[in-house]
Amino acid sequence: MNPSFAEMYPTLAALGRRRPRMLADFERALRIARRFRREHIEPNALAIDRAVMRDPTYVAEEIIAAAAREGLFGMTVPKAFGGGGMSFGTFIVALEEIGAGCLGLANLIGVHGLAIATVAATGDVGAMAKVSRALTDGERAGRPALLSTAITEPGAGTDVEDVDLLRTARLTCEARPVRGGYRLRGSKVFISNGSIARTHVVIMPTNRERPVETTFAFLVPSDTKGFSVGRIEHKMGQRACPAAELVFDDCFVPESARLHSKALPGRRIELVLGATRGGVAAWGAAVARGAYERALAYAETHEIDGARLVDHQWVQIKLADMARNVMLARACYVEATLSNELFGLSSLVSGGGMQDLARIVPQRVLDSAAVRSLLVSRRAREGFQASIEQLDAGQIDTASAHGAAAKVSATDIGMANCHIALDVLGADGLRHDQGVEKLYRDAKLLQIYEGTNQLNRLEVYKRAVHRKPERAEPRPRPLGAAAREREMVRGQP
Amino acid sequence: MIENTELDLIRRNVARFGDDVVRPSLDALNHYPDVALPERLFGTLTEMGLFDLSADGSGALSVALATLSAAAAAPAASVLAHVMGRELLTVAGRESLLGVIDGHAFRPTLAYPIYAETSGPSPTRVRRVGNEIAIDGTARLVVNAPVARALVLPALEADGTPAVLAIETSAAGVRIGDPLLTLGMRGCPTADVAFDGVRVPADRLIAGPSGGAALVDDVARRLRGPVAAICAGILGSSLHAAVAYAKERHQGGRAIVEHQEVRSILARMIEDHVLCRDAAERLSRGVLPEPEALALLVRCKERAAHATCDGVQLLGGYGYMEDYGQERRMRDAKQAQCLLGRTEWLRQRLTSAFVDGGARP
């Protein structure tokens, strides 16, 4: 039931022969997550699910506190910003492990990664430093300053994430420029952690007639006048992670709240989704595995027609199908993640070179005022933004295609395994106390958020099947290459 | 055979009941057992005579359950469990027990584990002690148990012979567990039942002349049509909600119903709904060869479960939220897939019926 790292990730194990330090990080992420799952997720997941069913405002504070003690919230934040310095690609194995225990709690812990990725994709290093420091300082104090990402509107969900659909999306939100800042109006819906986040990364156009050209990210603290949390949804599953409506009622934010970047639609959104869809794919693998583990445990201990379930050939075939589904889903997300490390946002934010550099430089130096002010300087921001602009469009396509393909494949597989598990358990699978019906409810959301699986299929078509001819063949950035560090260093004052 | 006009009348009456009573109670149903059961709903169900319908080949029960399930499947499951219990007594020639149990024939709400495989190993054990029987063990997921006055249960005699029991829930030593939270059909009161040295008169063993297993199988056959009808009702409701949303929601400058991918998904849902509806009608009205009946039942249950997932998908985030009903239909359809036994177990029976003429279990 607890396969070794090499059994689970043969590709990475092979990779580790060339980059043993990266392999060590993968193994450390798995070790931490496995212990966290055993000690905090498994014993509490069903009770939390039930508590939120009774009261959707219930928040699993004890899990948040435990995750903070483990440093899970800040683990992928660069060391220079006070975080654990683990690359997103490395941390992804932790997403699978925690998600196999409970997708809702995995989302509660992991969804701020979407916000961090969004801020990173703007290239606004100062904003990145600000939200990261708030998150990690709070984490060390036991109260992480959680982030949410507000994208979906009542009349526009998936279409906000696609530049072609965005042109005709029925948007109602707008951040109207006024003297000294912006006035935000409208409401965002289904925002994960929206009711508990301390800061919201709000995606809004400054002119909703021209959303492609004018959509930016705004940092909105939850105590901003004119901001309020509306209804908290009664969701079918993933209940541990609250989904809330965020209401902006003529909510004024200063000019500084707008992250410095070009408009988000296009390159920047693609970079974000190319990274985060791999994470959702990891949760697809996670739920596939959770279903498999529970079905196997049940089949070994229950009988039908006078024999243990596991001794029936039809059950053996189903268990084999579930096991190979887990392998397939895992292969999908690992591939997508490595693609992102080579070609996507991770190659800039937490590429191997950056990690190695942070390891060499003592933490006290990274935390020093000089380094802090250097990181938030205009020059650093412009250097990072130049790096984003220099990313090859074909490379971004590759990361996006892998992310979208993995998201569709792994989440469909996750649902498939839940169907099979319920069939193996029969009537017992319907009971809440068995945990399998919860997996089924939880899994369905994976096919919807981060772009529906329908949109993601079209994304695969656009990025992999029907590539624009002017886009060059991608040239992988070698992991740990010095080139990236040199670019970054050149960007410093 | 009931005339079509009578079936239409049943359909209209139940549909009105669905609109007037069931839909306003959906929130309570969805949050049971954390909130109380909507008394009026179950009271009206009784007054309307739905608990009195029989799986008699007329199609009336199926029409009623399909229509009821379009509003909410939980009360339909409650009716199904009651009818299963009553049919067991009737087929065994023991209708008189209904009067003994409650004092009014056809009024008590009976409980029955409708998700159990009909010939699975029963954890409820009976042994004869003089003119009485002693009952020990448990019965899992007994539908209606928290509200029923009597339990009808498959059981095993000491020598391993399958039997069927009918006993009052008030009998000494019968412990009805807390109402269970289940994937779907929430609002259909369900609980585990424990028996601790229960002693009741021996006439509460109701196995017919062919034995308990044959009795349960016989009655389960009659209820395949109503089970398919529940699936058809849930899926039909999901389909209509998906179509309404697809016409309303715009993406890319047009209603999503104009997108080919959405039309393909809707087409598959329509195909599956037609399959379920036809299965319900054929299983309810005709005496089909066993392999054909099992094939229809298995396919119908499976397709409804999958198609209602697409019903959620078409509504995107809204489909996942309670307010829009699609998530409930998805859960209900998956739960319905377990009615009368899990899919693969039924498939093994199907092949046995086709290849071996049912010689092997």
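Preceding block: the structure.
Residues numbered from 1 in each chain as written. Chains lettered and ligands numbered in written order. Predicted model: local features only at pLDDT ≥ 70, side-chain atom pairs only at ≥ 80, totals over all residues. Heavy atoms only, no water.

## Some details on the packing of aromatic side chains
Here comes step 1: What the rule picks out here adds up to five aromatic pairs over all chains.
Here comes step 2: Between Tyr182 of chain A and Phe218 of chain A, the ring centres sit 5.1 Å apart and the planes meet at 70°, which makes this aromatic pair edge-to-face. Placement of the pair is Tyr182 of chain A in strand E3 (residues 181-192) and Phe218 of chain A in strand E5 (residues 215-221), with a sequence separation of 36 residues.
Here comes step 3: Clustering of aromatic rings is evident, with ring pairs tying together Phe190 of chain A together with Tyr245, Tyr318 and Tyr324 of chain B.
Here comes step 4: A cation sits over an aromatic face here: Arg258 of chain A above Phe216 of chain A, 3.8 Å from the ring centre. (Phe/Tyr/Trp six-rings, centres within 6.5 Å; stacked < 30°, edge-to-face > 60°. Helix = DSSP H or I, 4+ residues; strand = E, 2+ residues; numbered from the N terminus. Lys NZ or Arg CZ within 6 Å of the ring centre and 35° of its normal.)

## Comments concerning the nonpolar core
Here comes step 1: Counting 239 residues, the largest nonpolar core has Leu105 of chain A together with Met84, Leu88, Ile114 and Tyr115 of chain B as its most contacted members.
Here comes step 2: Take this core: its biggest share by element is 17 residues, from helix H12 (residues 267-301) of chain A.
Here comes step 3: Excluding residues within four positions of it along the chain, Ile114 of chain B makes contact with Ala77, Leu80, Ala81, Met84, Val143, Cys338, Leu339 and Leu340 of chain B.
Here comes step 4: Formed by 22 residues, the second largest nonpolar core is a distinct cluster that contains Ala111, Leu151, Ala163 and Leu205 of chain B. (Core = buried A, V, L, I, M, F, W, Y, C linked by side-chain atoms within 4.5 Å. Buried < 20%, exposed > 50% of the residue type's maximum accessible area, 1.4 Å probe, protein only. Contact = heavy atoms within 4.5 Å.)

## Brief notes about helix H5 (residues 73-91) of chain B
Residues lying three or four places apart along an α-helix face the same way, a consequence of the helix completing one turn every 3.6 residues.
Residues and elements named next belong to chain B.
Here comes step 1: With 19 residues, H5 ought to run about 27 Å at 1.5 Å a step, and its terminal C-alpha atoms sit 26 Å apart, in line with that.
Here comes step 2: Burial analysis of H5 places 17 of its 19 residues in the buried class, which makes it a mostly covered element.
Here comes step 3: A positive phi of about 70° marks Gly93, the residue just after H5. (Expected span 1.5 Å × (residues − 1).)

## As for the pattern of salt bridges
Here comes step 1: Applying the stated criterion to the full structure yields 57 salt bridges over all chains.
Here comes step 2: For Arg37 of chain A, the salt bridge goes to Glu293 of chain A, with nearest N and O atoms at 2.7 Å. Highlighted residues: Arg37 of chain A in helix H3 (residues 20-41) and Glu293 of chain A in helix H12, separated in sequence by 256 residues.
Here comes step 3: Using a relative accessible area of 8% as the deciding quantity, one classes Arg37 of chain A as buried.
Here comes step 4: Close ionic contact of Asp34 of chain B with Arg50 of chain A constitutes a salt bridge, the shortest N to O distance being 2.9 Å. Note that Asp34 of chain B is positioned in the loop between helix H2 (26-31) and helix H3 (39-47) and Arg50 of chain A in helix H4 (residues 45-54), a pairing that runs across two chains.
Here comes step 5: On the basis of relative accessible area, Arg50 of chain A is assigned to the buried category, the value being 18%.
Here comes step 6: Residues joined by salt bridges that share partners form a network here, namely Arg34, Arg37, Glu42, Glu96, Glu97, Arg289, Glu293, Arg294 and Arg330 of chain A. (Salt bridge = Lys/Arg side-chain N within 4 Å of Asp/Glu carboxyl O.)

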